[in-house]
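As a plain string of letters, each chain reads:
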Amino acid sequence: AVLLGLIAKEGRTFSFNKHASHVTPIRDDQQALGTLVLHADNRLLFRKLGATLITAVLITAGAFGLAWLISSRLQRVISQPIQLLAFTMQKVSDTKDFSIRVAKTSNDEIGGLIAGFNQMLEEVEDRNLILLQRQEHLNQLAHFDPLTGLPNRTLFYDRLSQALNYAKRHKKILLVMFIDLDHF
């Protein structure tokens, strides 16, 4: 009763470790009729709260684990093929070897991207081959007579320039003999 007298303030709730108390005066037309004291044991509440907290932590940990599993699976399904595509693109760019292809791993959007990349490489390889053939043909036209297939004056001057540079570098003597045939 002494403890209740000490804590009997209007409408107040007090908590002492394992117990909670609420004290409210009871009045009728400003006349004090008594005091209502509610006293509860908090141990059951704290046990249930602890169990709920542990359950929430376990569910959160499970959700994080599931998210990690899903993200690692997505990384294998999406990121690895894109990384392989980027690696192959860099390799083709560095080596200028347009015959390199990426293995198609699926029939989804990533597989379509890989197929498109491989088709683009095939077209570049074909165009590169055509370009090399045309360059060779132009080189042939520039340095050889189209009728006889014999080396022409342009090739002669090119080889003479190379021979002069070689002789100069190695301190050698170079002899050039020129025969002019009229009406050949």
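Please refer to the structure placed before this passage.
Structure report, in brief. Small disclaimer: the values here were computed from a predicted structure and weren't measured.

In total, this model carries 1 aromatic pair according to the counting rule given. Here Phe156 and Tyr157 contribute two aromatic rings whose centre-to-centre distance is 5.6 Å and whose plane-to-plane angle is 55 degrees, an arrangement assigned as tilted.

The tally for this structure, following the rule as stated, stands at 3 salt bridges. In this structure, Arg43 engages Asp41 in a salt bridge whose closest nitrogen and oxygen atoms are separated by 2.8 Å. Here Arg43 falls in the partly exposed class, since its relative accessible area comes to 39%. A salt bridge links Arg159 to Asp158, with the shortest nitrogen-to-oxygen separation between them at 2.8 Å. Relative accessible area serves as the criterion here: at 46%, Arg159 is assigned to the partly exposed category. A relative accessible area of 31% places Asp158 in the partly exposed class.

Contact pair helix α2 (residues 43–95) / helix α3 (residues 109–143): the axes reach a minimum separation of 10 Å and the direction vectors enclose 10 degrees. Here α3 runs roughly parallel to α2, going by the angle between their axes. Between α2 and α3, the residues in contact are Ile78, Pro81, Ile82, Leu85, Thr88, Met89 and Val92 and Ile110, Leu113, Ile114, Phe117 and Leu121, respectively. When its residues are assigned to classes, the contact of α2 with α3 shows 11 nonpolar, 1 polar and no charged.

The rules behind these values
- Residues numbered from 1 in each chain as written.
- Predicted model: local features only at pLDDT ≥ 70, side-chain atom pairs only at ≥ 80, totals over all residues.
- Heavy atoms only, no water.
- Phe/Tyr/Trp six-rings, centres within 6.5 Å; stacked < 30°, edge-to-face > 60°.
- Salt bridge = Lys/Arg side-chain N within 4 Å of Asp/Glu carboxyl O.
- Buried < 20%, exposed > 50% of the residue type's maximum accessible area, 1.4 Å probe, protein only.
- Axes fitted to C-alpha atoms, helices over the stretch in contact; angles between N-to-C directions.
- Helix = DSSP H or I, 4+ residues; strand = E, 2+ residues; numbered from the N terminus.
- Parallel < 35°, antiparallel > 145°, perpendicular 65-115°, else oblique.
- Contact = heavy atoms within 4.5 Å.
- Nonpolar A, V, L, I, M, F, W, Y, C, P; charged D, E, K, R; others polar.

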